[in-house]
Amino acid sequence: MPNVRGFGIPRAGSYINRLPLFTRGVLAAIVLFEALCLQRWWDVRAWGALVPEEIEFATLYRTNTYPFIHLNVFHLVFNLLALTPMVERFENEYGTLTSLALFLGPFSTFPAFLYVGMEKWVFGLNTAVMGASIWFFLLAGIEAIRTYRANPRLVIAGQSIPTWTTPLAILLAIAVLVPSSSGFGHLCGLVVGYMCGLGYLKYLAPPEWALRWIEKKLNLLGRLPHYVSVDQKTYGRFGVLPLSNLTPAPVVSAGLVGMPYEFIGSDSWLILVIASALRLRRDPRILKLPPYLSLLCVLVGVAWLFLLPLNEYSRRTYISENALLPGQVHTYFSGSDQNVFRAYKHEVDALVGKTNTERNDKLESIVKGFGLKTARQNFTYQAAGHFYSGENLYAILQAPRGDATEAIVLVAAWENVKHEINRKGIPLALTLLRYFKRWSLWSKDIILLLTPDSIAGPQAWVDAYHDAHDPFRVSSLPLKSGLLQGAIAIDYAQEGRFESVHIVYDGVNGQLPNLDLINSVVNIAGGQMGIGVALQEMWRHNDGYKDRLRTMLRGMLKQGLGLPSGPHSSFIPYHVDAVTLQPFGDGWQDEMAIGRVIEGTFRSLNNLLEHLHQSFFFYLLMHRERFVSIGTYLPSAMLVAANFTIMAIALWVKSGQPEDESATSTVRTDTIPAPAVERDLFLPLGVVTFIQSLSIVPLYLFNHAPESMLTPLFATFTLLNILLPPLLSHLLTQSSAPTLQQYHLIKSFSLLLLGMFLSSLATLNFSLALIVGVLASPLSLVRPSRSSATRAVTTLLLNPISPPAVLLAAAAYWGTDLTSVLREAAVGWHVCGTYSPVVVWCVWWPAWLAGSVVVLGRTADGDEGKVKTA
Amino acid sequence: MDGAKATPGRTAGPYVSAAVLRLAILTLLPGLPDLLTGRVEISTPVTSFKRLQEGLFLYNHNVSPYDGGVYHQAPLFLPLFSLLPSFSSFPIFTYLLYIAVDLLSANALWRIADSGEAGSSALFSSPRREKRWSGFVIAALFLFNPFTVATCIGRSTSVFTTCAILHAIAKAVSGAPFGAMVALSFASYLSMYPLLLLPPLILLCYDRQRSERATKSGLKFAATCLSLVAGVLAVLFQMSYLVTGSWEFLRSTYGVQLTLSDLTPNVGLWWYFFIEMFDSFRSFFLAVFWLHLSSYVGGLTVRIRRQPLVVLTLLLGIFAIFKPYPSISDTSLFLAMVPLYRHVFPLMRHTFVIAAVIMYATFLGPAFYHLWIYAGSGNANFFYAITLVWGLGQSLLVCDLMFAVLRDEWEVERPEMVGKEIRQI
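Residues numbered from 1 in each chain as written. Chains lettered and ligands numbered in written order. Predicted model: local features only at pLDDT ≥ 70, side-chain atom pairs only at ≥ 80, totals over all residues. Heavy atoms only, no water.

S.K.: Help me get a handle on the UniProt feature "transmembrane region" (unreviewed entry) in chain B, residues and values and all.
M.R.: Residues and elements named next belong to chain B. When the UniProt feature table is mapped onto this chain, "transmembrane region" (unreviewed entry) is found at residues 12-32, 133-152, 186-206, 218-243, 269-292, 304-322, 352-375 and 381-406. Annotated as residues 218-243, this span is 100% helix and 0% strand, and its ends, taken at the C-alpha atoms, are 37 Å apart. Within the segment residues 304-322, helix and strand shares are 79% and 0% respectively, and the terminal C-alpha atoms sit 21 Å apart. (UniProt positions renumbered as here; feature names shortened; annotations may be inferred. Helix = DSSP H or I, 4+ residues; strand = E, 2+ residues; numbered from the N terminus.)

S.K.: Tell me about the packing of helix α16 (residues 308-322) of chain B against helix α19 (residues 380-413) of chain B, and name the residues and values.
M.R.: Residues and elements named next belong to chain B. Here α16 crosses α19 at 165 degrees, and the two axes come no closer than 9 Å. Judged on the interaxial angle alone, α19 and α16 are roughly antiparallel. Where α16 crosses over α19, the two elements pack in a sense that is left-handed. Of α19, the residues touching α16 (which contributes Val310, Thr313, Leu314, Gly317, Ile318, Ala320 and Ile321) are Gly391, Gln394, Ser395, Val398, Leu401, Met402 and Val405. Here the residues of the contact of α16 with α19 are counted per class, giving nine nonpolar, five polar and no charged. (Axes fitted to C-alpha atoms, helices over the stretch in contact; angles between N-to-C directions. Parallel < 35°, antiparallel > 145°, perpendicular 65-115°, else oblique. Left-handed = near helix turned anticlockwise from the far one by under 90°. Contact = heavy atoms within 4.5 Å. Nonpolar A, V, L, I, M, F, W, Y, C, P; charged D, E, K, R; others polar.)

S.K.: Let's hear about the nonpolar core: which residues, and what values?
M.R.: Leu201 and Leu309 of chain B are the most contacted members of the largest nonpolar core, which totals 209 residues. In terms of residues, this core owes the most to one element, helix α32 (residues 836-856) of chain A, which gives 14 residues. Each residue touching Leu309 of chain B, except ones within four places of it in the same chain, is listed here: Ile112, Glu117, Ala118, Ile169, Leu204, Met337, Leu340 and Tyr341 of chain B. (Core = buried A, V, L, I, M, F, W, Y, C linked by side-chain atoms within 4.5 Å. Buried < 20%, exposed > 50% of the residue type's maximum accessible area, 1.4 Å probe, protein only.)

S.K.: Explain the sheet that holds strand β13 (residues 626-629) of chain A to me, and be specific about the residues and the numbers.
M.R.: Residue and element names in this part refer to chain A. Strands sit in the order β3-β13-β12 across an open sheet of three strands; the sheet is antiparallel. Edge strands, defined here as strands with exactly one partner in the open sheet, are β3 (315-316) and β12 (619-623). In terms of strand pairing, β3 meets β13 through two bridges, oriented antiparallel. Opposite Arg316, over in β13, you have Arg626 as the bridge partner. Across the sheet, helix α21 (residues 545-561) is in contact with β12 and β13; its angle to β12 comes to roughly 140 degrees. Along the sheet face, helix α23 (residues 630-655) touches β12 and β13 and points at about 60 degrees away from the line of β13. (Pairing = 2+ DSSP bridges.)

S.K.: Let's hear about the interface of chain A and chain B: which residues, and what values?
M.R.: If you look at the interface, chain A gives 26 residues, while chain B gives 23 residues. Of the roughly 2,000 Å² buried between chain A and chain B on both sides combined, carbon and sulfur atoms contribute 70%. Three residues, Glu678, Leu752 and Met756 of chain A, lead the burial of chain A against chain B; their summed loss comes to 25% of the area buried on that side. The interface formed by chain A and chain B includes zero salt bridges. Our count for the chain A to chain B interface comes out at one residue pair in polar contact (both at pLDDT 80 or more). Secondary-structure elements contributing two or more residues to the side of chain A that touches chain B are α14 (268-282), α23 and α27 (740-764) of chain A. Per-element tally for the side of chain A that touches chain B: the top contributor is α27 of chain A, with 11 residues. For the side of chain A that touches chain B, a count of residues per class yields 15 nonpolar, eight polar and three charged. (Buried area = accessible area lost by both parts, 1.4 Å probe. Salt bridge = Lys/Arg side-chain N within 4 Å of Asp/Glu carboxyl O. Polar contact = N/O pair within 3.5 Å; in protein donor to acceptor, adjacent residues only side chain to side chain.)

Dropping the structure here:
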């Protein structure tokens, strides 16, 4: 229906001026017939009306003429007003020829026959009808079915009404309100309209190829004014109404413009879609899209992350491995064991200040006293100019019910990662081992590992346990047990009682233990013992959105750094699930409580029939009982990585196009798409390779410099890093004067590499990939510029997101000492094999450098242009 | 003919630097060779250096090298490697041998490039042939291809096959059918599958015969070549029999390739398929897979009759995808041949996509293998999925190269269509 709101004289005039040919014809014919009625000697009404009794073979013309004839002027005016928009719309959709054929044919005769048949033989009456209102109802019926398909129901005052019934309402209203109107005649029109709308009468429409042939032969389009071509809608045949096929319709109209060939038959739309897709491919606007698309990828990727803490996106944790049965056994570690603990505590307190060997002598004598086999292992690592050396002591409690094929490890380091002495953890571990020795239910060996520190010692021991150690630095283990099934480390440095237990679970390089292990500890501590559990140093957690988000982000940051976070970290790369338990806070829980938690966890691990594998290895915890799994969070990192690849592809395509008209001297005809310009690959490949190989320098320097040199070195490097892009850019412009295309290619290759590395990395260490991806994402949006001011501004904006600047800012924000950060990175690199430095220096930094060089790049053409304007 | 005129210094440049690079990696990074030798992407059951050492140990202790079912390589490797000083005490000699083999391959490639066969064969001259890279560039691209370097460092024995194939082609283009056939026999003896290269190679030899002693009759020429190959192979088999003292080696070397009895993962498409296969269908699908592999030979040879070197290149690409035990060494051989077609590069349509797919697969492959084998957080499907991508990248390259070459031929036939868009169906 035309929009009535903005009705006015000019609009009405333009509307009438735009009426298509057939509509004008029909209106004119109707008016003409009305004019004919004015004369006296030929009763047009009697001649043309549809009178059931009069219908014979010779008077069949009546079935065609009756719509043109009206009872009186009012009848005429109302019908014209109602009919004009409907016919106009119909014609614009289906073409003049089709409308002509249909309105003079089936649209008149079918309702007529229906009416006559019903009136004569069913009702036995003989009411004459005339008037164009039959067409109105017919078209209204088609329209109603169409509306019904798009919008099936209409809710009025709580009543849901099918939309196809609206013409019926009009019909009823008219039948009641307007005198001498033939409700039944209108109904016949409406019924035929419904059938047309439903597609039953499509077979009666004249064959399109015939119409097309006529149209072409007679050149109707050229000759007739206001003519609507059949081609207007190749699709607009009966029954296949455009509304029910919304998708192909616009494509068809777009694709048909200027197509040199014709398609016959209804299957042609597929070809048209392909043709228009090919056309779209060459559309220059397509090339404008990728920057927005890649920006969208980054934004969606980051926004996705912030949705994760919501209840809809995260899940409650659950125990997958049925064999674990956490918290199902009664724990007996209490009572008299407290006295044993106190005794050991005294012994351990006496050892503070002694050397590693002296401590081990004493501790070994205690453990030997349980009747266990013990052994020692020496190790020496060198990192950041320091030697990290020491001696591990370990004891194996052989399983009374096992065959020494599997083992669980209890770790207690003399110092935790903050270099506090594990004053209560060591005696607790000893007490627990003594207590475990008394039980006969162990089916797995229990290994007590006492290390001098929290990073190097466990790493040396695990490496040697799996024979993956460097024998020059780490000695082999004289005594071994079976496959390690799990490990629990105790870090109980605080004196006095505690409130809750903090589970540390991050492994080296962001690897995580199986979620079942954490769930078991949470279940045993929280559910069975009534001890609170905290994660990621969130000492207070209200399970609200903010706290969840904070927990998740802290976890991601730790994962991204990839540094070891406790004695358990070294176990995880060997596929040994491990956590560190850290009692904290001021409460009423004593060391026996944490002992019982460990006992319960060991009993659960003891139940395992196979390695923990049921639950997730890739997850983000946001509360002790809430997590998201890889399937939910991976898309955000992948989207961020994809943004680089999208830009790389876009730049590649762009580099293949002629730069502008002046650059290409050859004149091409517009009909043939310009073939890709030859790309000069050697210089861009060379530059990217050079920048990539340059990255070995910082990687080597920061991993091999002594600690005292680290900070000065870093400062120098940061300064150099600011100067490096202008220098490289200058050298590049001086030596080879690259073109814009080559700059595009440099950027394309660099972004391709970045996207590739990051998407590979996302499968290994999601958080690192996401962090680097987000920090590097501006690189995909910067571009070389002709104005030197823009270049300077962009460079200024790029500098704060350079890797050294970000490292500085992060160290300042968290208030940590830069030297210690660099030292920890070097230790992680040498001791644990952390690969985060590789990602920072060999993936991120070269991408940043290449991006900065491209931003500063001055093309040969650009300089010429400047000379001309100057 | 850039390389022919080049000064000795220029010629030696890439060889010396490639040798120095390899020696430097082998000596300065002592852990790397063993790491690469263990990678499934480089070492397959039929080319692994570790397995060769096992066979060598057995051979030196007068036990049949095929006992224990670890060694699946040609018997003549054993006397060759026992002639060298022991690998454990003097690894440098083994390194030098592998480096020399790489350099010999590069030399053969250089000669192929300088012959200009890729641009203008006996029956077809490309209108674009002027635009090509010299032998210098092509040899350097081969020598410094990371895949080639990794294969050399990983000491896979497929480098010998690569060398033999390249020499066979080099001999063929320089009009020495005898040498070509002998080299191809060696390649076939070492790896069996190069035998499928025989039809296009015979055509290449036939086209490039020296005019003074050319054989006109194609059939006679082919028969001579075939009998020559058969003769050389017979001699090699007889020598192998003398070395090992039994015919067992046939089953353990070629039999393994034919029946895929060792299902160690590799970058190919066979292993996963045959792990999943029910035993009753195994022989049928083995036949189907081999038939599929060999079916390309006839079709391509006939279709691109006018450019036999193209057929050889495309077949090498197809073998690198569909062989029973492919490795990145086969890809490096294919990638070594592709730059010969510099003149049709502008006709290729998906170069960037292909490069991106191959590079993505190169990085994601080891990552997924790590997740599967070491981290335990992935499974075999991860790695297999990425080998599918790897195969997809290579098959795209094969298709695109084929399209470009055919289009080049077609534009000579129909000059009016130059530059117009066409569709491959």
